[in-house]
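Notes for the structure review
Residues per chain are reported as follows:
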Amino acid sequence: MTERAAASEILIAGGTVYTPDGPREADVHIGGGVITVVGEVPRPAGAKVVDARGMYVLPGAIDVHVHSRDPGFPQKEDFGTLTAAAAAGGVTTVIDMPNTVPAVDAAGVLESKSALARGKARVDFALWGLLRSGTTAEDLEGLAAAGAIGFKAYLGYAFSLTRKQVLSSYALGDPDLEAPPDYGTLARLAPVIAGLGLPLAIHAEDPAILGAFRRPLETYADVLAARPAEAEAVAIAAAAEIAGASGVRLHIAHLSSAAGLAAAQEAIRAGAPLSVETCPQYLWLSDEDFGRLGTAMKVFPPIRTTRDRDALVDGLARGVITVVATDHAPHSDEEKAATLDGAPAGTPGVQTLYSSSLELARRLGDVWQAPRWVSEAPAAMAGLQESKGTIAPGFDADIVIVDPSQPTRVRAEQMRSRQRHGALEGMEFGFSVRATYLRGALVAGDGRLQGRAGGRLVRPSKR
Ligand SMILES: [Zn+2]
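Nothing here was measured: the structure is a model prediction, and the numbers come from that model. (Residues numbered from 1 in each chain as written. Predicted model: local features only at pLDDT ≥ 70, side-chain atom pairs only at ≥ 80, totals over all residues. Heavy atoms only, no water.)

Quick look at the overall build of the protein
Selection rule: Strands here mean DSSP runs of E at least two residues long; helices mean DSSP runs of H or I at least four residues long; both are numbered from the N terminus. Within these notes, the globule rule equals 2.2 Å times the number of residues to the 0.38 power, and the radius of gyration is based on C-alpha atoms. Note on classification: 1.4 Å probe, protein chains only; a residue is buried when its accessible area is under 20% of the maximum for its type, exposed when over 50%, partly exposed between these limits.
Looking only at helices and strands, the protein has 14 helices and 23 strands in total. A compact globule built from 463 residues should have a C-alpha radius of gyration of about 23 Å, and the protein, at 21 Å, falls within 12% of that. Oriented by its inertia axes, the alpha-carbon framework of the protein measures out at about 70 × 50 × 45 Å. Each of the 463 residues in the protein was classed as buried or not, and the buried ones make up 60%.

Next up, the structure:
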């Protein structure tokens, strides 16, 4: 079913299709890279027919939180390896974070990053712009005009002016450092971002609270003590006040705690325009897994207790959390082999986003929640809802064929990312991605990459 899709007309026939009205058995006809018909379609002469009987036909995932590391850290990842992993896992759009080097803090940087990605990307991509404490309204307007999907602020992360780099650890007093963005930065720029109609995403850990608990990380208990959940809750509550006052759409990246969930829920109840994302590593793992996984599960904010994990699963089931993304953040296996204190934080994840989400949704009693978490809601958050995230006529033919009777075990040797050992290694999910189509072109099928790098920059639609 997965030879190279050379024909410009394709019929994906007889699968169970996830449509805006729910799942139903239907054919999907693709012409010129877009979906033309969903329903019963007579076999057109000359069209390639893909037999999808017994399969799920789903909208391609949109991972709103990935770190390509490109440009800047080629030993960790680049757009080629990132999007190979994405294509293999059914992710057809990746939205890359701006903390590459040089950081994406101005229109010209975004344009050159886009040109670089264009030559390597196997799936479509969008780009976040960076919010620094030195950012001006003109910087934001320039980034928006160049196609930024929104802006990301790293509370507590400084900026090296000469290296053009976002820094998680630094020495105060260094004249090369620009102060981290704070709530004042958010309050000053939120009205500008609201006016542009774009989302503001934050890394929500309050730096003052992290500063009060800083310590060497010798055990996993030190990790939890150094980055307590109240740091997340405080940052969410403060940023939500700013969102409520300015009207900016606030996106909470990688929610990790029950306390953070409660703060987000309270802000939503009070009317703040919030979207909340969590990641598979927080939904599947807890501190109890550290003995088995070691530094592979070192991520910031940290994977916490079983109580936090269960609260996040419940928050997702109740619709407080609407987006599942991965915070795909690879490092080289050598870097991750250091001590708990010395190893960098981050795990790859883009390749297992869809299969793990389908498994979680199935366990929660409605497998069709998964395309909402990884495709529909991300498209809406990122302003891509007019072209992506939906299987309906006129949308991009970004389509994933999933076999619901063939489990996937997460094994390092099948990972396409440069870092092969991720936090979900060894887990088994009851679904496997059989084929991924990007705008009607087969980009992965039956365990192999297909075609060439045809990914493009996608821009948000005007609001
Ligand atoms: Zn991240």
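Read on, since the account is not over.
Regarding the coordination of the zinc ion
Spelled out, the test is: Nitrogen, oxygen and sulfur within 2.8 Å of a metal are treated as its donors, or within 3.2 Å for sodium, potassium and calcium (Na, K, Ca); water is not counted, so a site can appear incomplete.
Around the zinc ion, the protein supplies His65 (NE2), His67 (NE2) and Asp327 (OD) as donor atoms, at distances of 2.1 to 2.2 Å. Read in sequence order, the donor residues for the zinc ion give the motif H-x1-H-x259-D. In this pair, His67 sits in the loop between β6 (61–66) and α1 (79–89) while Asp327 sits in the loop between β17 (323–324) and α12 (333–336), placing the two residues 260 residues apart along the sequence. Residue His67 shares its accessibility class with Asp327, and that shared class is buried.

Section: the nonpolar core
Formally: To qualify as a nonpolar core, a set must consist of buried Ala, Val, Leu, Ile, Met, Phe, Trp, Tyr and Cys residues joined through side-chain atoms within 4.5 Å. Note on contacts: a residue pair qualifies if any of its non-hydrogen atoms lie within 4.5 Å across the two residues.
Counting residues in each nonpolar core, the largest one holds 101 residues, and the members touching the most others are Val94, Leu186, Leu200, Ile202, Leu250, Ile252 and Leu274. Here the element with the most residues in this core is helix α7 (residues 229–246); it accounts for seven residues. Residues within four places of Val94 in sequence aside, it is in contact with Asp63, Val66, Leu82, Thr83, Ala86, Val123, Asp124, Phe125, Ala126 and Val350.

Some remarks on the pairing of strand β18 (residues 399–403)
We count it as follows: Pairing between two strands is assigned when DSSP locates at least 2 bridges connecting them.
Within β18, five of the five residues are buried, which leaves it mostly tucked inside the rest of the structure. On β18, burial covers both faces: Ile399, Ile401 and Asp403 on one face and Val400 and Val402 on the other are all buried. In this structure, β18 lies alongside strand β21 (residues 432–438), joined through five bridges in antiparallel fashion. Directly across from Val400, in β21, lies its bridge partner Thr436.

Here we look at the sheet that holds strand β13 (residues 177–178)
Pairing is antiparallel in the open sheet, where three strands are placed in the order β12-β11-β13. In this open sheet, the two strands that pair with only one neighbour each are β12 (165–167) and β13. Of the strand pairs in this sheet, strand β11 (residues 158–160) and β13 are connected by two bridges, and their pairing is antiparallel. Counterpart to Ser160 in the pairing with β13 is Leu177.

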